[in-house]
Amino acid sequence: MTQQDIRPPAHAPAPVVLAPVAPAPVRRPLISYVLPVYNEQDGIAAFHAELSAALDGRPELDFELVYVNDGSSDGSLALLTDLAAKDGRVRVVDFARNFGHQLAITAGLDLATGDAVIVMDTDLQDPPRVSLELVDAWREGAEIVHARRRSRQDTAFKRATAHLYYRVLRASTEVDIPLDTGDFRLLDRRVADELRKYRERSRFVRGIVASMGYRQAEVAFDRDERFAGETKYPLRKMAKLAIDGVTSFSTAPLKMITRLGFTVLALSLAGIVYALAMKFFRPEITVSGWTMLMCVVLFLGGVQMLSLGVIGTYIGRIYSESQGRPLYLVREVIGGSGSDD
């Protein structure tokens, strides 16, 4: 008897229809701008308009604008508040008082969240269009991009002193600080996070950044004239910044005191030999020596006071750091980070 197959007939499997998978949205790089402001009410609107016009030409990027009001005594805060209300990219950090340009930069870096951070002033001497050239250099692989001044529209005195200072600073420190660069630069997110760990009070940001290493590049530009108002770095503040730069990255002043001490010692010995020779070999023309005595006393007194001043500067920095006080105090943060979609 033939065995029959009692299994049910096989049916062809129904084709599986896969639902189309939507491609994941491509995240656009976020560029943060850190913008210190101190009594710039006459130029903020013009700066923001020019910066916005430049950013509108780069739709492939998102932007965050962190304005830091460094205790302005004019109408700068009101203008910044109005910008924050109208532009969702704007965040305003309002200091409780004036803490200085370098600490304003520090506060902006502490709050910036972008993949890259650009630091620049708001007086339109640093052209906003150049900041996008920094972005291009960053996207080509640089982690720090310095904006180097090819020319500048300043007084002859300021150009000469700045030229001399940067070269003296570079020669007296072990840090290769780029010549003719200010605080206008771009930092990669990784570099910005590392920079936030540097919390010394007497800050020289451009020197700190240069000392960090990483892949660095430069973009040359022609610096424009100030759009409005007066410079916020008069000679007194420039001198303080210069001293901070030297004392932050060099012990050359202390070494100079040692060399000066040996020089004064040699001159003093020569003076003693001269005085003894005149006493024994030309006693007839020897006078009381009042003039020479006064010159020696005044010279030695000046050298001692200068030496004490240099040493006091370093001791003062130690005292300031040992107090451990906050670098800055924020009264209010206005607006929020976001992108202009």
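Keep in mind it's a predicted model, so treat the numbers as computed, not measured. Position labels on residues start from 1 in each chain and follow its written sequence. Residue-level local features of this predicted model are given only where pLDDT is at least 70; pairs of side-chain atoms are given and counted only at 80 or more, and the full residue set underlies all totals for whole chains, interfaces and linings. As a rule here, side-chain values come from all non-hydrogen atoms in the structure, and water together with hydrogens is ignored.

Participant: Describe in detail the side chain of E143, supporting the description with residues and values.
Facilitator: Examined against the element boundaries, E143 turns out to sit in the loop between α4 (128-139) and β5 (144-152). In contact with E143, not counting residues within four places along its chain, are L186, L187, D188, R190, V191, Y214 and R215. Only DSSP runs of H or I covering at least 4 residues are called helices, and only runs of E covering at least 2 are called strands; the numbering of each starts at the N terminus. Contacts are residue-level and defined by heavy atoms, with any inter-residue pair within 4.5 Å sufficient.

Participant: Describe the packing of aromatic side chains, naming the residues involved and giving the relevant values.
Facilitator: In summary, the pairing rule links any two rings of Phe, Tyr or Trp, Trp by its six-membered ring, whose centres are within 6.5 Å, and it sorts them by plane angle into stacked for under 30 degrees, edge-to-face for over 60 and tilted for everything else. Taken as a whole and judged by the stated rule, the model has 5 aromatic pairs. Seen from their ring centres, Y33 and F63 are 6.3 Å apart, and the 50 degrees between their planes marks the pair as tilted. Placement of the pair is Y33 in strand β1 (residues 30-37) and F63 in strand β2 (residues 62-69), with a sequence separation of 30 residues. These aromatic residues form a ring-pair network of at least three members: F95, F99 and Y328. Here the basic side chain of R97 rests over the ring of F99, its NZ or CZ set 3.9 Å away from the ring centre. Placement of a positive charge over a ring is assigned whenever Lys NZ or Arg CZ falls within 6 Å of the ring centre and within 35 degrees of the normal to the ring plane.

Participant: Quick one: what's the story with the confidence of the model for the protein, residue by residue and with numbers?
Facilitator: When pLDDT is averaged along the protein, the result is 76; 62% of the residues meet or exceed 70. Note on scores: pLDDT gives the predictor's confidence for each residue, bounded by 0 and 100. Per-element averaging of pLDDT across the protein places helix α8 (residues 235-249) at the bottom with 61 and β2 at the top with 93.

Participant: Residues and numbers for the nonpolar core, please.
Facilitator: Residues belong to a common nonpolar core when they are buried Ala, Val, Leu, Ile, Met, Phe, Trp, Tyr or Cys residues joined through side-chain atoms within 4.5 Å. Burial classes: relative accessible area under 20% of the type maximum marks a residue as buried, over 50% as exposed, and values in between as partly exposed (1.4 Å probe, protein chains only). Within the largest apolar cluster, 36 residues are counted, with the highest numbers of intra-cluster contacts made by I31, Y33, Y67 and I118. When residues in this core are grouped by element, the largest group, 6 residues, is from α4. Excluding residues within four positions of it along the chain, I118 makes contact with I31, S32, Y33, V34, S131, L134, V135, F184, R185 and L186. Judged by nonpolar contacts, the second largest core, of 15 residues, contains V34, I105, V205 and V209.

Participant: How would you sum up the environment of L61? Please name residues and give values.
Facilitator: Here L61 shows up in the loop between α1 (44-56) and β2. Among the residues examined, L61 registers a relative accessible area of 3% and is labelled buried. Discounting chain neighbours no more than four positions away, the residues touching L61 are R28, P29, I31, V135 and R139.

Participant: I'd love a proper account of the pairing of strand β6 (residues 181-188), names of residues and values included.
Facilitator: When you tally the buried positions in β6, you get 8 out of 8 residues, the bulk of the element. Sheet topology places strand β4 (residues 116-119) next to β6; 4 bridges connect them, and they run antiparallel. In the strand pairing of β6, A116 is matched with D188. Two strands make a pair as long as DSSP finds a minimum of two bridges between them.

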